[in-house]
Amino acid sequence: MSCHSHRGRSNRTPSGAAVAAIAATCLGTSAIAPASDMRFTDVTKASGIEWVMTCGRLPASEILEVDGGGVAFIDFDNDGDLDLFFANGATMKDPENGPGSRLFANRGDGTFEDVTEKLGIRLTRWAMGAAVGDFDGDGWDDIYVTCYGPDVLLRNECFRKEGPRFVDVSAEAGISRDHRWGASAGFGDIDGDGDLDLYVANYLEFDVKNPPARTEKTFKGVPVMAGPAGLIAEDDILYENLGGGKFRDITKAAGIVEEPPGYGLGVRLFDFDSDGRLDIFVGNDSSGNYLFRNLGEKKFEDIAIPAGVFANLEGTTQASMGIGLADVDGNGHPDLFTTNFSSDTNTLFLNLGDGFFDDRTAQFGLGLISRPFLSWGCGFFDFDHDGDEDLFIASGHVYPEAATQKIDSEWAQDLLMFERNGKRFQRITDCGEMFARKFHGRATAFGDIDGDGDIDIVMTTLNGPVYIFRNDSKPRDWLIVEPDGPKGNHRGYGSMVELRSSAGTQRRWITGGGSFQSTDAPSAHFGLGDFKRAENWTVVVRFPDGKLVNAAVEKPNRRMRIAHPSRAGK
């Protein structure tokens, strides 16, 4: 998706010779960080998930065909391990009847079983992304699927003794039946009433029977497909959960005003200013981002421009796709990271804690090295358990015409892993054979698939296989915290989790939404290094309603479920 306009998007475009030098540095290995303890293994085939995603044709000729499908972690059967849902697409010839989205159950031994048909899921519409949340408060996670066409809400009825299943309750729940192009979605309690509301980021208007003419659009002088510039952006939707399995559209009433209109691709719901209310960040393609500040009483205002996240440091709007979130500078506030188009940089916005963000991309070593890549899903996680968060990014160009000689970027691209090294990130490539391969990378989801305490990576590709990269890094101590929220939000979306010790404090946020068309595992993962290096390890969970729960960490390498006070003893 995220097709770069032929108009100049950045004033930083270097000369051809400079671009060649940049590409040699960024794509090669000579200037990359020294050997790392981080290791990943491609276990896709061994897992039993040999599934190929569909998204139109390959190579793509229309913008609808370049997004790829999404992925979500979900423990649909409440057995304690992570299952996988893939939002799969279709073709322009028949957008309502593709191969179908798939649900894979984790057997607990490193393998998965396709349970799609067994559980009654028959979603063949062109699906894009997936959000997970217990919208009806029955203790079983449901799935919201964004689509080209009406979105779909699948209610989890796996508690049924007469046969577990998922049921399409979109119409009865009040989900819009309009034909839109939904990209990403996220659940969160935006009004503090205890149940999960829903935000949907929509992209643009597109008619498969009358696609936009492929005329005049060029990128670096090369004719390319039309869009998104010149096409009509579609409005996002904010749904209020009314209880009883019902939603209503409160977009306009809540002040979700998109000025100027944006091509929505990614969304995160989190409390950026620590005022106890969930805010909404939307990453827009080829247009400025949104930051809707929650004013209370179901009212929002877009403060992206004054807050400093509408555009980058130079005031240039970008093509935001993926959204990463972490406390990169350790000041206690959630920072934002957006992946962007090639010949531009990804962007790191540091949250200064006073309502303002600052573009510090270059300071942390994430600017120049990202220019040859068009990046999508991403995530900050402590993959090597050394006490700080690293960064993984999936990349792949939208233009089949892409080649270094033509547009300074390749069609299939490298996986990017950045290890945190002091105050900067350094790219590493010796952490698995997949880092020497090229992919049409798209959505990513992160979680501990095999229960060994480290974070594994799931990635979709454009009209290609899904991949599972198992984390086999050098063993170090770890801790996973699972907030057990109040009824109606049992996963604790909107919570902040702190791990305190004599060595300092680490923080994680359980957000609604994900990086790009995805949902990560709803838990807080911490690398400890050596547990004995510090004393007085304590977990503090701040739930969305402001309730605080403290718990001592007596030993490492374990999962801790921290219950909201209303659930104590249950």
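Below, the structure is looked at part by part. (Residues numbered from 1 in each chain as written. Predicted model: local features only at pLDDT ≥ 70, side-chain atom pairs only at ≥ 80, totals over all residues. Heavy atoms only, no water.)

## Regarding the overall build of the protein chain
The number of helices and strands found in the protein chain is 5 helices and 41 strands. Seen along its three principal axes, the alpha-carbon backbone of the protein chain occupies a region of about 65 × 55 × 50 Å. When the 570 residues of the protein chain are sorted by exposure, 64% land in the buried category. Across the protein chain, every contact between residues at least 6 apart in sequence was considered, and the portion connecting residues at least 24 apart equals 63%. (Helix = DSSP H or I, 4+ residues; strand = E, 2+ residues; numbered from the N terminus. Buried < 20%, exposed > 50% of the residue type's maximum accessible area, 1.4 Å probe, protein only. Contact = heavy atoms within 4.5 Å.)

## Quick word on the pairing of strand β33 (residues 477-484)
Burial within β33 is extensive, with 7 of its 8 residues counted as buried. In this sheet, strand β38 (residues 524-529) lies alongside β33 in antiparallel orientation, the contact comprising 5 bridges. Residue pairing for β38: I480 is matched across the bridge by H525. Summarising the sheet, β33 and strand β41 (residues 558-563) pair through 6 bridges and their orientation is parallel. Across the sheet, the residue bridging to V481 is M560, located in β41. (Pairing = 2+ DSSP bridges.)

## Side note on the pairing of strand β17 (residues 279-285)
Most of β17 is tucked away: 7 of the 7 residues are buried. Judged from the 7 bridges that link them, strand β16 (residues 263-270) and β17 form a sheet pairing that is antiparallel. Following the sheet pairing, F270 is matched in β17 by D279. Judged from the 3 bridges that link them, β17 and strand β18 (residues 290-296) form a sheet pairing that is antiparallel. Across the sheet, residue V282 finds its bridge partner in β18, namely Y290. The antiparallel pairing of β17 with β18 creates a hairpin that spans 4 residues between the two strands, and S286 there sits at a positive phi of about 55°.

## Regarding unusual backbone geometry
At the junction of L58 and P59, the peptide bond is cis and its omega measures out at 5° in the coordinates. Tracing the backbone shows P59 in the loop between α2 (44-47) and β2 (70-74). With an omega of -5°, the peptide bond between G227 and P228 qualifies as cis. Here P228 lies in the loop between β13 (222-223) and β14 (237-243). Positive phi outside glycine occurs at K298, with the angle close to 60°. For K298, a relative accessible area of 30% puts it in the partly exposed group. The backbone of H385 sits at a positive phi, close to 60°, despite the residue not being glycine. Position of H385 among the secondary structure elements: in the loop between β24 (375-381) and β25 (390-395).

## What to know about the nonpolar core
Ranked by internal contacts, the top residues of the largest apolar core, which has 57 residues, are Y144, V145, F166 and V539. Counting 53 residues, the second largest nonpolar core, distinct from the first, contains A60, M92, F104 and F219. (Core = buried A, V, L, I, M, F, W, Y, C linked by side-chain atoms within 4.5 Å.)

## Side note on empty space enclosed by the protein
Tallying each qualifying case throughout the model produces 2 cavities of 30 Å³ or more. Computed from the structure, the second largest cavity encloses a volume of approximately 60 Å³. Taken together, Y144, P150, D151, I175, S176, D178, R180, N202, I237 and Y239 make up the full set of residues lining the second largest cavity. Taken together, the residues of the lining of the second largest cavity sort by class into 5 nonpolar, 2 polar and 3 charged. (1 Å grid on protein atoms, 1.4 Å probe; cavity = no way out; pocket = protein on both sides within 12 Å on 5 of 7 lines; lining within 4 Å. Points joined across faces, edges and corners; volume = space filled by probe spheres on them. Nonpolar A, V, L, I, M, F, W, Y, C, P; charged D, E, K, R; others polar.)

## Quick notes on the sheet that holds strand β19 (residues 299-302)
Read from one edge to the other, the open sheet built from 5 strands follows the order β19-β18-β17-β16-β36, with strand pairing classed as antiparallel. Strands at the two margins of the open sheet, each flanked by one partner only, are β19 and β36 (512-513).

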